[in-house]
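What follows is the residue order along each chain.
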Amino acid sequence: MSVTTTTHLNFRGTAREALDFYRSVFGGRTAAVTYRDAGAVQNENEADWVMWGEVAGDNGFHVMAYDVPSQSPWNQGENPFFVSVRGDDAEEVNALWGRLAEGSTIVRPLEPAQWAPLYGMLTDRFGVTWVLDVTAPYNG
C-alpha cells in the first residue's frame, strides 16, 4: 500500500474559487462535491459550497479544499488547513488511525462515509487536525 499526505485547505464559501485559481496556476484537473451533491445540506444558502474538492495534476501537484459550514467553528487564522492522509488499504489506515489517535481529540470517528469506505478526523495533542481516509474512486 502507499500512503500520501495532502494539504487540505479550509475556506468559508470560497473553496471553489480557490480551487479554480490553484488549477489555473498549477494545471491539472478539479473535482468538487457540493453539500447538495452529497445530500448533506444543513443550510440552504450553503448547498452549493464545496464539501470535498481537489486539484490534482499529472505533475504531482495535489491540494484539497472544502467550505467549513457556518454551524462549525472556523477562523481563517486558526484552522486554515488539515493534513489529509489517504491510503487504499483499510487495515493500514486503521492502524495509522489507532496510533495517531493516542492523546488526540476525535472530531469524527474513523468509519464508513458516503464518499469513502473509511473517513475520520482528529486533532492531535499538538493541535494539528488530521483527516484519514481510504481512497474511493470519484465518479463525478
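Keep in mind it's a predicted model, so treat the numbers as computed, not measured.

Focus: the overall build of the protein
1) Next: The helix and strand tally for the protein stands at 2 helices and 8 strands.
2) Next: Ordered by position in the sequence, the α and β elements of the protein form the string β-α-β-β-β-β-α-β-β-β.
3) Next: Scaling as 2.2 N^0.38, a compact globule of 140 residues should have a C-alpha radius of gyration of about 14 Å, and the protein matches this with 15 Å.
4) Next: Based on the C-alpha atoms only, the size of the protein along its principal axes is roughly 35 × 35 × 30 Å.

Remarks on a negative patch on the surface
1) Next: Negative charge collects at one region of the surface, where D88, D89, E91 and E92 lie side by side.
2) Next: With respect to the helices, strands and loops of the structure, D88 is situated in the loop between β5 (81–87) and α2 (90–100).
3) Next: Here D88 falls in the exposed class, since its relative accessible area comes to 54%.

Brief notes about the pairing of strand β6 (residues 105–113)
1) Next: The pairing of β6 with strand β7 (residues 116–123) spans 5 bridges and is classified as antiparallel. Among the inter-strand pairings, T105 is bridged to a residue of β7, identified as T123.
2) Next: The loop that links β6 with its antiparallel partner β7 comprises 2 residues.

Some remarks on the UniProt feature "domain: Glyoxalase/fosfomycin resistance/dioxygenase" (unreviewed entry) in the protein
1) Next: In the numbering used here, UniProt assigns the "domain: Glyoxalase/fosfomycin resistance/dioxygenase" (unreviewed entry) feature to residues 13–131.
2) Next: Annotated as residues 13–131, this span is 19% helix and 39% strand, and its ends, taken at the C-alpha atoms, are 20 Å apart.

A look at the pairing of strand β1 (residues 3–11)
1) Next: Alignment of β1 against β5, held across 7 bridges, turns out to be antiparallel. Within the sheet, the bridge partner assigned to L9 lies in β5 and is F81.
2) Next: Sheet analysis places β1 next to strand β4 (residues 62–67), joined by 5 bridges and oriented parallel. Paired with L9 across the strands is A65, a residue of β4.

With respect to a nonpolar patch on the surface
1) Next: A contiguous nonpolar patch, built from F21, V25 and F26 and spanning about 290 Å² of accessible area, is present on the exposed surface.
2) Next: Mapped onto the secondary structure, V25 falls in helix α1 (residues 15–26).
3) Next: Classification of V25 by relative accessible area gives partly exposed; the value is 45%.

Procedures and definitions
Residues numbered from 1 in each chain as written. Predicted model: local features only at pLDDT ≥ 70, side-chain atom pairs only at ≥ 80, totals over all residues. Heavy atoms only, no water. Helix = DSSP H or I, 4+ residues; strand = E, 2+ residues; numbered from the N terminus. Rg over C-alpha atoms; globule rule 2.2 N^0.38 Å. Patch = residues over 30% accessible without salt bridge, like charges linked within 9 Å, V, L, I, M, F, W, Y side chains within 5 Å. Areas by Shrake-Rupley, 256 points an atom, 1.4 Å probe, with all protein chains shown as cover. Salt bridge = Lys/Arg side-chain N within 4 Å of Asp/Glu carboxyl O. Lys, Arg positive; Asp, Glu negative; His and termini not counted. Charge placed at Lys NZ, Arg CZ, Asp CG, Glu CD. Buried < 20%, exposed > 50% of the residue type's maximum accessible area, 1.4 Å probe, protein only. Pairing = 2+ DSSP bridges. UniProt positions renumbered as here; feature names shortened; annotations may be inferred.

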